[in-house]
Amino acid sequence: MATSTAPMDAILNLCKRRGFVFASSDIYGGLNGFFDYGPLGVELKNNIKQAWWQDFVHRADDIVGLDSSIIHHPATWKASGHVDNFTDPLVDCRESKMRYRADQLHFAPVRVAGDLLGYVSVLEDEGMQAKAEEAAHEMKRKLARQGTLEPVVLRDFTQATAEEIPLVPSPATGKPGSLTPPRSFNMMFQTHVGALQDASSVAYLRPETAQGIFINFKNVVDTGRVRLPFGIAQVGKAFRNEINPRNFIFRSREFEQMEIEYFISPSADWQASHRAWIERCLAWFESIGIPRAKLSLHEHPREKLSHYSKGTTDIMFEFPFGVQELQGIAARGDFDLTQHSAASGQRLDWFDEASKERYIPHVIEPSVGVDRVFLALLATAYHEDEVEGEKRTVLRLPARVAPYKAAVFPLLKNKPELVERARALHARLRRRFNVFYDEAGAIGRRYRRQDEIGTPFGVTVDFDTLEKGAGVTVRDRDTLEQARMSEDDLVRFLDERVNG
RNA sequence: GCGGGCGUAGCUCAAUUGGUAGAGUACCACCUUGCCAAGGUGGAUGUUGACGGUUCGAAUCCGUUCGCCCGCUCCA
């Protein structure tokens, strides 16, 4: 099967036309970074979440579930580092309209014999010290100053004083006066709990589901009959006030995560566990219909790791707009439990019966965005092909995640006995599966309508069903081939394909 | 946040120098139809993204704003 990725506009178009995804608050002109899932979208999305939960919780011995509240005690986010670190200090150049991260913009005063000549600025990279020194010498030469240049000491722009800011040149123009003071931009959505809106009532919508797991670690250990190593899984909404949401549902301000915190002994080989989780996640993507050929791994370089991470590997997917992160698999060490233990004064550790030791477990965190999986599935499944000279749009979604598992049709609408039998079959099937019924228009048209929304099987009640007791025809969305089978066999047939 | 492009029916698009907003397709009903977007008849559909201005008159001109796409920037 081809592994080409569908163009973004075709996917967008289908999503809107067929009711998968709408712009949020559409009637008011939309709200940037938010999306609503329509009748078909909610089915696909629920199926993704259900498949994930089944595979990682129900069908695993070592993982239990959790559903924590979206708003946690604000101390949670102080301890996790989000209040201080989940923030970008931004600096704008009024002249060039360029924007910089203040902590990546470095500057230094240029002094000769105690006299301030001016300032130099450089963007963060390996050679920035050399560049800054060169610029300082250049300034000294241009001003024709005699004397010894004092050492060039770089600081980042977050440390610039109010007096210094107007003197630091913009890296874009080389002239001072155009840089704004750094403005701190925390990406957590703030709200207030209770009637009073003062500093003591500030709370945050969670920017990740992970912390809800860590702050429940003790509860789960005390009640869940779990034994190390074990995982806690959670599916839920997270919120980030992204500066610039892009690429449809890929980066939105409200999104859904499926996360596991997998706790291991500090003496265990975390790198082996990390690798095992990467394999487990890759296998899961393949099982729901995302081909390995479109997936790749990206290991974060050591110097770019987040404050909590010992190692992070992303599973990347070939999206229509480029290869981008689908899932992050981070080794967080004992950072989070240690932080919450210190901040709360609670013991968040594990007593190992075998060694009679008490320790804070380390953790491997596979974290995947539901909306990104949704988009990856659509990009993989979307195809345009030709059937007998006619163009056909088809979503080749695996039966397990497809919104409808089958559609039931009477061959003709004006033959009451066909309609009655088809309706009865539909009623029987829908007790187990989400199944669509359609009698409007020619049979070919009805097949095509289902092709476009990814329904894997078209079940038709015809005259042989009634007269010869020959069963129904089951038409395959991808091969277009028809098989005839009894209604009992059809139930088994669907069960195998949907539930594996 | 900056620059560029774009917003007309569910979708794809028309609409002359400013002069009654239309077509195809999809949709709904009925008829027809013995398996891959057939045909017939009838029907519904728009504050032309929103707000304001100019004008006798605005989809069209001007301003503001919102949203989408592309490129920067950003994305612990």
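Residues numbered from 1 in each chain as written. Chains lettered and ligands numbered in written order. Predicted model: local features only at pLDDT ≥ 70, side-chain atom pairs only at ≥ 80, totals over all residues. Heavy atoms only, no water.

A. Molecular detail of the packing of helix α11 (residues 416–429) against helix α14 (residues 487–499). Between α11 and α14, whose axes approach to 11 Å, the crossing angle comes to 40 degrees. The element α11 and its partner α14 pack so that their crossing is right-handed. Contacts between α11 and α14 involve R421, L425, R428 and L429 from the first element and E487, D488, L490, V491 and L494 from the second. Taken together, the residues of the contact of α11 with α14 break down into five nonpolar, no polar and four charged. (Axes fitted to C-alpha atoms, helices over the stretch in contact; angles between N-to-C directions. Helix = DSSP H or I, 4+ residues; strand = E, 2+ residues; numbered from the N terminus. Left-handed = near helix turned anticlockwise from the far one by under 90°. Contact = heavy atoms within 4.5 Å. Nonpolar A, V, L, I, M, F, W, Y, C, P; charged D, E, K, R; others polar.)

B. Region of the structure containing the environment of V498. With respect to the helices and strands, V498 occurs in helix α14. Among all residues touching V498, those that are not within four sequence positions of it are A399, R400, K405 and F433.

C. Molecular detail of the pairing of strand β12 (residues 230–239). Taking burial as the measure, the 10 residues of β12 include nine buried ones, the bulk of the element. Relative to β12, strand β3 (residues 63–66) runs parallel, the two being bridged by four bridges. When the bridges of β12 are listed, I63 appears paired with G231. Pairing between β12 and strand β13 (residues 254–264): 10 bridges, direction antiparallel. Residue pairing in the sheet places K237 in a bridge with E256 of β13. (Buried < 20%, exposed > 50% of the residue type's maximum accessible area, 1.4 Å probe, protein only. Pairing = 2+ DSSP bridges.)

D. Fine view of the pattern of salt bridges. The tally for this structure, following the rule as stated, stands at 34 salt bridges. The shortest N-O distance in the salt bridge between R332 and E365 comes to 2.5 Å. Placement of R332 in strand β16 (residues 322–333) and of E365 in strand β19 (residues 362–369) is noted, with a sequence separation of 33 residues between them. Pair check on accessibility: R332 and E365 agree, each one buried. Across the pair D451 and R475 runs a salt bridge, and its minimum N-O distance is 2.7 Å. Here D451, found in helix α12 (residues 443–452), pairs with R475, found in strand β25 (residues 472–476); they are 24 residues apart in sequence, far enough to count as distant. (Salt bridge = Lys/Arg side-chain N within 4 Å of Asp/Glu carboxyl O.)

E. Inspection of the sheet that holds strand β22 (residues 406–410) at higher detail. The five strands lie next to each other as β23-β22-β24-β25-β26, forming an open sheet whose pairing is mixed. Every other strand in the sheet has two partners, leaving β23 (435–437) and β26 (482–485) as the edge strands with one partner each. Neighbour to neighbour, the strand axes of the sheet diverge by 25 degrees on average, direction disregarded. In this structure, β22 lies alongside β23, joined through three bridges in parallel fashion. Residue pairing for β23: V408 is matched across the bridge by Y437. Each of β22, β23, β24 (457–461) and β25 touches α11; the most contacted strand, β22, lies at about 160 degrees to it.

F. Representation of the pairing of strand β20 (residues 382–387) in the model. Summarising the sheet, β20 and strand β21 (residues 390–395) pair through six bridges and their orientation is antiparallel. Residue Y382 lies in a different strand from β21, and its bridge partner there is L395. The turn joining β20 and β21, which pair antiparallel and follow one another in sequence, is formed by two residues; a positive phi near 50 degrees is taken by E388.

G. Region of interest: the packing of aromatic side chains. For the structure on display, the rule yields 23 aromatic pairs. Geometrically, the ring pair formed by W52 and F56 is tilted, given 5.4 Å between the ring centres and 45 degrees between the ring planes. You can see W52 and its partner F56 sitting in helix α2 (residues 39–58), four residues apart, about one turn around the helix. The exposure class assigned to F56 is buried, which follows from its relative accessible area of 5%. Ring geometry for F107 versus F157: centroids 6.0 Å apart, planes at 75 degrees, classification edge-to-face. With a gap of 50 residues between them, F107 in strand β6 (residues 105–112) and F157 in the loop between β8 (155–156) and β9 (183–186) connect regions that are remote in the sequence. For the pair F107 and F157, a shared accessibility class is recorded, and that class is buried. Here the basic side chain of R280 rests over the ring of W277, its NZ or CZ set 4.2 Å away from the ring centre. The positively charged end of R497 is found above the aromatic ring belonging to F493, 3.7 Å away from the centroid. (Phe/Tyr/Trp six-rings, centres within 6.5 Å; stacked < 30°, edge-to-face > 60°. Lys NZ or Arg CZ within 6 Å of the ring centre and 35° of its normal.)

H. Inspection of the nonpolar core at higher detail. In terms of nonpolar packing, the biggest core is built from 58 residues, with I48, I290 and V373 touching the most fellow members. Look past the residues within four positions of V373 in its chain and what remains in contact with it is I48, M258, F285, I288, I290, L326 and V368. (Core = buried A, V, L, I, M, F, W, Y, C linked by side-chain atoms within 4.5 Å.)

I. Inspection of a nonpolar patch on the surface at higher detail. On the surface, a nonpolar cluster with roughly 220 Å² of combined accessible area is contributed by I70, I71 and V193. Turning to its location among the elements, V193 is positioned in the loop between β10 (190–192) and β11 (202–204). (Patch = residues over 30% accessible without salt bridge, like charges linked within 9 Å, V, L, I, M, F, W, Y side chains within 5 Å. Areas by Shrake-Rupley, 256 points an atom, 1.4 Å probe, with all protein chains shown as cover.)

J. Region of the structure containing the protein's contact with RNA strand B. Around RNA strand B, a shell composed of 42 residues is seen, among which R101, N244, R251, Y447 and Q482 lie nearest. In RNA strand B, atoms within 4 Å of the protein come 50% from sugar and phosphate. Here L480 contributes a backbone N or O atom positioned 2.9 Å from a base nitrogen of RNA strand B. When residues of the surface near RNA strand B are traced back to their parent elements, those giving at least two are α1 (8–18), β5 (99–101), β21, α12 and β25. Counting residues per element, the surface near RNA strand B draws most heavily on α12, at six residues. The residue makeup of the surface near RNA strand B, split by class, is 12 nonpolar, 12 polar and 18 charged. (Near = heavy atom within 4 Å. Polar contact = N/O pair within 3.5 Å; in protein donor to acceptor, adjacent residues only side chain to side chain.)

K. Molecular detail of the sheet that holds strand β7 (residues 115–123). Sheet architecture is open: three strands sit in the order β7-β6-β8, paired in antiparallel fashion. In the strand order of this sheet, the two ends are held by β7 and β8, each with one partner. Relative to β8, β6 runs antiparallel, the two being bridged by two bridges. When the sheet's bridge partners are listed, F107 is paired in β8 with R155. Relative to the sheet, helix α5 (residues 128–142) contacts β6 and β7, its axis offset from that of β7 by approximately 145 degrees.

L. Looking closely at unusual backbone geometry. With an omega of -5 degrees, the peptide bond running from L228 to P229 counts as cis. Note that P229 resides in the loop between α7 (217–223) and β12. Positive phi outside glycine occurs at A113, with the angle close to 50 degrees. With respect to the element layout, A113 can be found in the loop between β6 and β7. Non-glycine residue K356 carries a positive phi angle of around 55 degrees.

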